[in-house]
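Below are the chains, spelled out letter by letter.
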There are 2 protein chains.
Amino acid sequence: MSIAEEADVETLSFGPLENSVGFLLRIAQLTVYERTFAELDRRDVPIGEYTILLAIGLNPGVRQGVLADRLRIKWSNMTKLIRSLEGRGLIERLVSPRDRRAISLRLTAAGETWVEEHKALVLRAVERSVASLDEDEQKTLQSLLRKVAGWPQL
Amino acid sequence: MSIAEEADVETLSFGPLENSVGFLLRIAQLTVYERTFAELDRRDVPIGEYTILLAIGLNPGVRQGVLADRLRIKWSNMTKLIRSLEGRGLIERLVSPRDRRAISLRLTAAGETWVEEHKALVLRAVERSVASLDEDEQKTLQSLLRKVAGWPQL
DNA sequence: TATTGTTATACTCTATAACTATA
DNA sequence: TATAGTTATAGAGTATAACAATA
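Under an unreviewed UniProt entry, chain A has the name MarR family transcriptional regulator and belongs to Nitratireductor aestuarii.

Structure (structure tokens):
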């Protein structure tokens, strides 16, 4: 390590990456998550688990692998998450009668209560984290993100 | 684990999260990164290291902490990344003469060569990963993402 | 006292391959 | 043979706090 000859730079450029959706997606996502976690206090309301529980509640009987694929979670990792939620009594794992390989998921009463209790907190945090955009901009952004993710438009 | 009474659900809803920028950002980002990595073969061209090297090349003398903040990398983790790049002879760490606490970074000749050699590959992969959007949609999305990230508009 | 960067460590997240059971 | 899920494990990524040097 030697002595620098030039001044530090405070305004940075990222060249071609400034026009890269992939790069900007990553930065924007990290920014929003930092804010969301700051509001939620990560340890009290794990946003990932909340998402899974909410989805199971909205889609009772959903197959585990379908949910994993949609949330971009590997099956091998999904197993651990689901077992943990089951162990805490928040969900039930049920063998599908049509295909006995498949596991279908539903909330227990305790799971429903948990989702309900944390709903307001999560939604408030999620909304605040994008307060820099107005209503129209949020709608536009949501639509473009769905397209990128290969999700159906609403 | 018992027997399920209902059929599996293949079309999922995510309720209020479907209209959440934060949630969609995460899914979209994971989707794009999967595609990008598939093209790059992650082990050959680590996109994170490429970004750091590109930024140092475009902003010679940049201070380590400034770069870390901008890329949402913690200082303690940035140290390891920078030391690794230095150890491979791709960058130099220089003490800033104005503030002897600060480290300013620049590419070595080998570093410049590395960036140049991988430039085309990275940019091609990054572009292909958002091929589902047309030119205008990409511009709009980039602008909105910059706003979310708190970055200046170009 | 505050800032810049480092060290050490623990924890979470993610990826991979081999495996069982069912279709 | 292919699919649904599990297990084990390694590796990457991330967070936290205590610390030294300089401002």
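The structure having been displayed, the exposition proceeds.
Right, let's talk about the overall build of chain A for a bit. Tallying secondary structure elements over chain A gives six helices and four strands in all. Ordered by position from the N terminus, the helices and strands of chain A form the series β-α-α-β-α-α-β-β-α-α. When its C-alpha atoms are laid out on the principal axes, chain A stretches across 70 × 40 × 30 Å. Counted over contacts in chain A with a minimum sequence separation of 6, partners at least 24 positions apart contribute 50%. In the form shown here, chain A has an accessible surface area of approximately 7,700 Å², with 50% of it arising from carbon and sulfur atoms. Once the 22 positive and 22 negative side-chain charges of chain A are each reduced to a mean point, those two points are 13 Å apart.

What follows covers the protein's contact with DNA strand D. The environment of DNA strand D is made up of 22 residues, and the closest members are Arg63, Gln64, Arg93 and Arg101 of chain A together with Ser76 of chain B. When the atoms of DNA strand D within 4 Å of the protein are sorted by group, sugar and phosphate make up 56%. Here a phosphate oxygen of DNA strand D and a backbone polar atom of Gly65 of chain A are 2.9 Å apart. Arg83 of chain A is positioned with one of its side-chain polar atoms (N or O) 3.0 Å from a phosphate oxygen of DNA strand D. Elements with a contribution of two residues or more to the surface near DNA strand D: helix 3 (64-70) and helix 4 (75-87) of chain A together with helix 4 (75-87) of chain B. Here the residues of the surface near DNA strand D are counted per class, giving three nonpolar, six polar and 13 charged.

Okay, the relation of the copies chain B and chain A next. Overlaying chain B with chain A gives an RMSD of 0.1 Å, the required rotation being 180° about an axis along which the chain moves by 0.0 Å. What we have between these two chains is a two-fold relation. Same-surface contact between copies: 100% of interface residues of chain B are shared with the interface of chain A.

Close to DNA strand C lie 22 residues, the nearest being Ser76 of chain A together with Arg63, Gln64, Arg93 and Arg101 of chain B. Sugar and phosphate atoms form 55% of the subset of DNA strand C atoms that lie within 4 Å of the protein. For DNA strand C, a base oxygen lies 3.3 Å from a polar atom in the side chain of Arg101 of chain A. Interatomic distance of 2.7 Å between a backbone N/O atom of Ile103 of chain B and a phosphate oxygen of DNA strand C. Among the elements of the structure, helix 4 of chain A together with helix 3 (64-70) and helix 4 of chain B are those that each provide at least two residues to the surface near DNA strand C. Sort the elements by how many residues they give to the surface near DNA strand C and helix 4 of chain B lands first, with five residues.

We now examine the packing of helix 1 (residues 21-40) of chain B against helix 5 (residues 109-128) of chain B. Residues and elements named next belong to chain B. One can describe the packing of helix 1 onto helix 5 by two numbers: an axis separation of 9 Å at closest approach and a directional angle of 145°. Relative to helix 5, helix 1 is oriented so that their crossing is right-handed. Of helix 5, the residues touching helix 1 (which contributes Thr36, Glu39 and Leu40) are Leu121, Val122, Ala125, Val126 and Arg128. The residue inventory of the contact of helix 1 with helix 5, partitioned by class, reads five nonpolar, one polar and two charged.

It is worth spelling out the interface of chain B and chain A at this point. Contacts between the two partners involve 77 residues from chain B, matched on the other side by 77 residues from chain A. Where chain B abuts chain A, roughly 8,000 Å² becomes buried across the two surfaces, and 66% of that area is made up of carbon and sulfur atoms. Where chain B packs against chain A, one counts four salt bridges. For Arg72 of chain A, the salt bridge identified is with Glu34 of chain B, shortest N-O distance 2.8 Å. The tally of links between chain B and chain A comes to 15 residue pairs in polar contact (both at pLDDT 80 or more). Broken down by element, the side of chain B that touches chain A gets its largest block of residues, 15 residues, from helix 1 of chain B. Grouping the constituent residues of the side of chain B that touches chain A by class yields 42 nonpolar, 18 polar and 17 charged.

Residue and element names in this part refer to chain B. Helix length check: helix 4, at 13 residues, gives a terminal C-alpha distance of 18 Å against a target of 18 Å (1.5 Å per residue), a fit within 8%. For helix 4, the full list of buried residues reads Met78, Ile82 and Leu85. One face of helix 4 carries all of its buried residues, which in axial projection span an arc of 60°. Turned more than 90 degrees from where helix 4 packs its buried face, Ser76, Lys80 and Gly87 sit exposed. For helix 4, the secondary structure elements touched by its buried residues are helix 2 (47-58), helix 3, strand 3 (91-95) and strand 4 (103-107). One or two residues past the end of helix 4 sits Gly89, with phi positive at roughly 75°.

The rules behind these values
- Residues numbered from 1 in each chain as written.
- Chains lettered and ligands numbered in written order.
- Predicted model: local features only at pLDDT ≥ 70, side-chain atom pairs only at ≥ 80, totals over all residues.
- Heavy atoms only, no water.
- Helix = DSSP H or I, 4+ residues; strand = E, 2+ residues; numbered from the N terminus.
- Contact = heavy atoms within 4.5 Å.
- Areas by Shrake-Rupley, 256 points an atom, 1.4 Å probe, with all protein chains shown as cover.
- Lys, Arg positive; Asp, Glu negative; His and termini not counted.
- Charge placed at Lys NZ, Arg CZ, Asp CG, Glu CD.
- Near = heavy atom within 4 Å.
- Polar contact = N/O pair within 3.5 Å; in protein donor to acceptor, adjacent residues only side chain to side chain.
- Nonpolar A, V, L, I, M, F, W, Y, C, P; charged D, E, K, R; others polar.
- Least-squares fit on C-alpha atoms with pLDDT ≥ 70 in both.
- Axes fitted to C-alpha atoms, helices over the stretch in contact; angles between N-to-C directions.
- Left-handed = near helix turned anticlockwise from the far one by under 90°.
- Buried area = accessible area lost by both parts, 1.4 Å probe.
- Salt bridge = Lys/Arg side-chain N within 4 Å of Asp/Glu carboxyl O.
- Expected span 1.5 Å × (residues − 1).
- Buried < 20%, exposed > 50% of the residue type's maximum accessible area, 1.4 Å probe, protein only.
- Arc of directions from axis to C-beta.

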